[in-house]
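Summary of structural features
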Amino acid sequence: MGGSGSKAKGVWPFSGSGGESGNDGNEQSLARLKGSKNATPFVFTRRSSLYYDEDGDLAHEFYEETVVTKNGRKKSKLKRIQKNLIPQGIVKLDHPCIHVDFPIVLCEV
């Protein structure tokens with residue numbers, strides 16, 4: 001779990017100069033956001049999990065029907081196609097999402 005988080009240890013993408021102690025937790029987090037000008041807590045794009053096949057069709061998985069003859073009986077099977085697939089690439093999100101590594105608690109129960 002947590003496979004989409006940052007891989008670097010001890011590095012927060014939203015931290016400014018860091019090391020501000022003595023502040024309330026919420027004020028410290030807001031100060032981090034204001035100090036960093038190039039980082040935003042929102043994600044506007046993501047990598048798509050869809051693929052194009054040779055015909056230009058778009059789907060998660062592609063299958064091909066094959067006929068297998070065994071003991072004189074014909075049986076059809078579905079064979080998964082994994083070659084000649086082109087990933088869709090980066091997709092723009094309809095609504096921005098909050099980044100996985102966002103350091104502020106949004107809701108406390």
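As the structure is a prediction and not an experimental result, all values here were calculated from the model.

Structural notes on the overall build of the chain
Secondary structure summary: the chain contains one helix and seven strands in total. What you see in the chain, going N to C, is helices and strands ordered as α-β-β-β-β-β-β-β. Counting the 109 residues in the chain, one finds 14% classified as buried. The contacts in the chain between residues at least 6 apart in sequence include a share of 56% that link residues at least 24 apart. Only carbon and sulfur atoms are counted for the fraction: they give 51% of the accessible area of the chain, which is about 9,500 Å².

Quick look at a positive patch on the surface
A grouping of Lys-70, Arg-73, Lys-75 and Lys-77 is seen on the molecular surface, where their side chains present a positively charged patch. Top contributing element to the positive patch by residue count: strand 5 (residues 73–81), with three residues. Mapped onto the elements of the fold, Lys-77 is located in strand 5.

Examining unusual backbone geometry
Phi angles above zero are rare outside glycine, and Asn-71 is one such case at about 55 degrees. If you trace the backbone, Asn-71 turns up in the loop between strand 4 (62–70) and strand 5. One non-glycine residue, Asn-84, lies in the positive phi region at around 60 degrees. Examined against the element boundaries, Asn-84 turns out to sit in the loop between strand 5 and strand 6 (86–87). Here Asn-84 falls in the exposed class, since its relative accessible area comes to 54%.

Digging into the sheet that holds strand 2 (residues 51–52)
Read from one edge to the other, the open sheet built from three strands follows the order 3-2-6, with strand pairing classed as antiparallel. Each edge of the open sheet carries a strand with a single partner, namely strand 3 (58–59) and strand 6. As paired strands, strand 2 and strand 6 are joined by two bridges and run antiparallel to one another. Bridged to Tyr-51 within strand 6 is Pro-87.

With respect to the side chain of Asp-53
Within the secondary structure layout, Asp-53 lies in the loop between strand 2 and strand 3. This buried residue, Asp-53, is left without a salt bridge; Arg-80 holds the nearest opposite charge, at 12 Å. Within the local environment of Asp-53, its side chain forms a polar contact with the backbone nitrogen of Asp-55, the two atoms lying 3.2 Å apart. Setting aside residues up to four positions removed in sequence, Asp-53 forms contacts with Phe-62, Asn-84 and Leu-85.

Some details on the environment of Val-43
Looking at where Val-43 falls in the secondary structure, it is placed in strand 1 (residues 42–47). It is 9.1 Å that separates the C-alpha atoms of Val-43 and Val-100, two residues lying 57 residues apart in sequence. Excluding residues within four positions of it along the chain, Val-43 makes contact with Leu-93, Pro-96, Cys-97, Ile-98 and His-99.

The rules behind each value
Residues numbered from 1 in each chain as written. Predicted model: local features only at pLDDT ≥ 70, side-chain atom pairs only at ≥ 80, totals over all residues. Heavy atoms only, no water. Helix = DSSP H or I, 4+ residues; strand = E, 2+ residues; numbered from the N terminus. Buried < 20%, exposed > 50% of the residue type's maximum accessible area, 1.4 Å probe, protein only. Contact = heavy atoms within 4.5 Å. Areas by Shrake-Rupley, 256 points an atom, 1.4 Å probe, with all protein chains shown as cover. Patch = residues over 30% accessible without salt bridge, like charges linked within 9 Å, V, L, I, M, F, W, Y side chains within 5 Å. Salt bridge = Lys/Arg side-chain N within 4 Å of Asp/Glu carboxyl O. Lys, Arg positive; Asp, Glu negative; His and termini not counted. Charge placed at Lys NZ, Arg CZ, Asp CG, Glu CD. Pairing = 2+ DSSP bridges. Polar contact = N/O pair within 3.5 Å; in protein donor to acceptor, adjacent residues only side chain to side chain.

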